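Each chain is listed here by its residues.
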Amino acid sequence: MSISVQGLSKTYGQQKAVDGISFNAEPGVLGFLGPNGAGKSTTMKMLTCFIPQTAGTATVCGFDISKDPLEVKRNIGYLPESNPLYTEMYVKESLTFVAGIHGLHNPQQRIAEVIEQTGLGPEQHKKINQLSKGYRQRVGLAQAILHDPQVLILDEPTSGLDPNQLIGIRQLISDLGKTKTIVLSTHIMQEVEAVCNRVIIINKGKIAADDTLQNLRAKNNNQTLENIFIGLTNK
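Given the structure is predicted, the values throughout are model-derived calculations rather than measurements. Counting restarts for each chain: residues are numbered from 1 in the order of the written sequence. Two thresholds apply to this predicted model, a pLDDT of at least 70 for residue-level local features and 80 or more for giving and counting side-chain atom pairs, whereas whole-chain, interface and lining totals are computed over all residues. The basis for every side-chain value is the complete set of non-hydrogen atoms in the structure, without hydrogens or water.

A.B. asks: Can you explain the packing of helix α3 (residues 91-102) against helix α5 (residues 133-145)? Please cite residues and give values.
C.D. replies: In contact at an axis separation of 10 Å, α3 and α5 are set at 25° when each is read in the N-to-C sense. In terms of orientation, α3 lies roughly parallel with respect to α5. Here α3 and α5 pass one another in a crossing that is right-handed. Between α3 and α5, the residues in contact are Val91, Ser94, Leu95 and Val98 and Val139, Ala142 and Gln143, respectively. Each residue receives one of three labels: charged for Asp, Glu, Lys and Arg, nonpolar for Ala, Val, Leu, Ile, Met, Phe, Trp, Tyr, Cys and Pro, and polar for the others, Gly being one of them. When its residues are assigned to classes, the contact of α3 with α5 shows five nonpolar, two polar and no charged. Fitted lines through C-alpha atoms give the axes, limited to the stretch in contact for helices. The angle between two N-to-C directions lies from 0 to 180 degrees. Per the convention used, a helix needs a DSSP run of H or I reaching at least four residues, while a strand needs a run of E reaching at least two, with both numbered from the N terminus. Just so you know how the angles are binned, under 35 degrees is roughly parallel, over 145 roughly antiparallel, 65 to 115 roughly perpendicular, and the rest oblique. Handedness of each helix crossing follows the sense of rotation of the near helix against the far helix: counterclockwise by less than a right angle gives left-handed, clockwise gives right-handed. By definition in these notes, contact holds between two residues if any of their heavy atoms fall within 4.5 Å.

Structure (structure tokens):
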């Protein structure tokens, strides 16, 4: 398993943000859904070793998030919802900087590959603060995949994009999911139906559903994913 989660919890004072969840993820695109405040981003931050768990365990590519955080980070690419970028840097300059952090052996070749893969060629010599939101998202994705991680954690990667930008980013995520394990958090149900092999719905810190789209529909009278989501999270 690329990701294995067992009884993972996170408590803030008296509030349980994540309440003993367990799941596994293998290569493909896993849709990680839930209403605001359900625990999605908290789970992602624990898996990426950004915050520690309160209880439970998780491994990424066989490395424990508590015992081997550096190895976890070497095997994971993370695009948080806020997409923090050094906006005064040029696109290629920022990728060179990230390549240096990861200690890549042949950085310029890998940077050229990722620029091609993410469609950043026309923008590579611009400053990041001159880019549209769609291209900034591409820069964030490029940074996340630069070290060729086996696992990608993407938190609302298409938020605020126009329809043309959406198509490009979704296609890129689909292509990456052929060889990598991707956990994709989004509120856009069409996006899940377009790119995800499997869906986990989390509500109030607990897993409400974990299945393929086909099985979810079959169990819910062939309702739309949107209606299934509403039914499971309005309780």
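A.B. asks: Let's hear about the side chain of serine 2: which residues, and what values?
C.D. replies: Note on placement: serine 2 falls in the segment before β1 (3-12). In this structure the side chain of serine 2 is engaged in a polar contact, spanning 2.7 Å, whose partner is the side chain of threonine 181. For serine 2, the contacting residues outside a window of four places in its chain are Ala25, Glu26, Pro27, Thr59, Val60, Cys61, Val151 and Thr181. Pairing of N or O atoms within 3.5 Å defines a polar contact, subject to two protein rules: one partner must be a possible hydrogen donor and the other a possible acceptor, and residues neighboring in sequence count only if both atoms are side-chain atoms.

A.B. asks: So what's going on with the nonpolar core? Residues and values would help.
C.D. replies: Residues belong to a common nonpolar core when they are buried Ala, Val, Leu, Ile, Met, Phe, Trp, Tyr or Cys residues joined through side-chain atoms within 4.5 Å. Burial classes follow relative accessibility: with a 1.4 Å probe on protein chains only, a residue under 20% of its type's maximum area counts as buried, one over 50% as exposed, and anything between as partly exposed. Within the largest apolar cluster, 43 residues are counted, with the highest numbers of intra-cluster contacts made by Leu33, Leu154, Ile182 and Leu184. Among all residues touching leucine 184, those that are not within four sequence positions of it are Val29, Leu30, Gly31, Phe32, Met44, Leu154, Pro157, Ile173, Glu191, Val195 and Cys196.

A.B. asks: Got a sec to walk through the sheet that holds strand β3 (residues 28-33)? Specific residues and values, please.
C.D. replies: The strand order β6-β7-β8-β3-β9-β10 describes an open sheet built from six strands, whose pairing is mixed. Because the sheet does not close on itself, it has two edges, and the strands there are β6 (76-79) and β10 (206-212). Going from strand to strand, the sheet's axes swing by 15° on average, the running direction of each strand aside. Direction of pairing for strand β9 (residues 198-203) relative to β10: antiparallel, over a ladder of six bridges. Opposite arginine 198, over in β10, you have threonine 212 as the bridge partner. Strands in contact with helix α1 (residues 40-47) are β3, β6, β7 (151-155), β8 (181-185) and β9; relative to β7, the strand with the most contacts, it is inclined by about 150°. Here, any two strands with at least 2 DSSP bridges between them count as paired.

A.B. asks: Which residues make up the pattern of salt bridges, and what values go with them?
C.D. replies: By convention in these notes, a salt bridge is any Lys or Arg side-chain nitrogen within 4 Å of a carboxyl oxygen on Asp or Glu. Tallied over the entire structure, the rule returns twelve salt bridges. A salt bridge links lysine 127 to glutamate 88; the shortest N-O distance between them is 3.4 Å. Remark: glutamate 88 occurs in the loop between β6 and α3 and lysine 127 occurs in the loop between α4 (107-117) and α5; sequence separation between them is 39 residues. Under the relative-accessibility criterion, lysine 127 is labelled partly exposed at 24%. Because the salt bridges share partners, they merge into one network encompassing Lys16, Asp19 and Lys206.

A.B. asks: With reference to specific residues and values, describe the packing of aromatic side chains.
C.D. replies: Pairing of aromatic side chains requires ring centres within 6.5 Å, counting the rings of Phe and Tyr and the six-membered ring of Trp. Pairs whose planes differ by under 30 degrees are stacked, by over 60 edge-to-face, and all others tilted. Scanning the entire structure with this criterion turns up two aromatic pairs. When the ring of phenylalanine 23 is compared with that of phenylalanine 32, the centres are 5.9 Å apart and the planes differ by 40°; the resulting orientation is tilted. Assessed through its relative accessible area of 1%, phenylalanine 32 is described here as buried.

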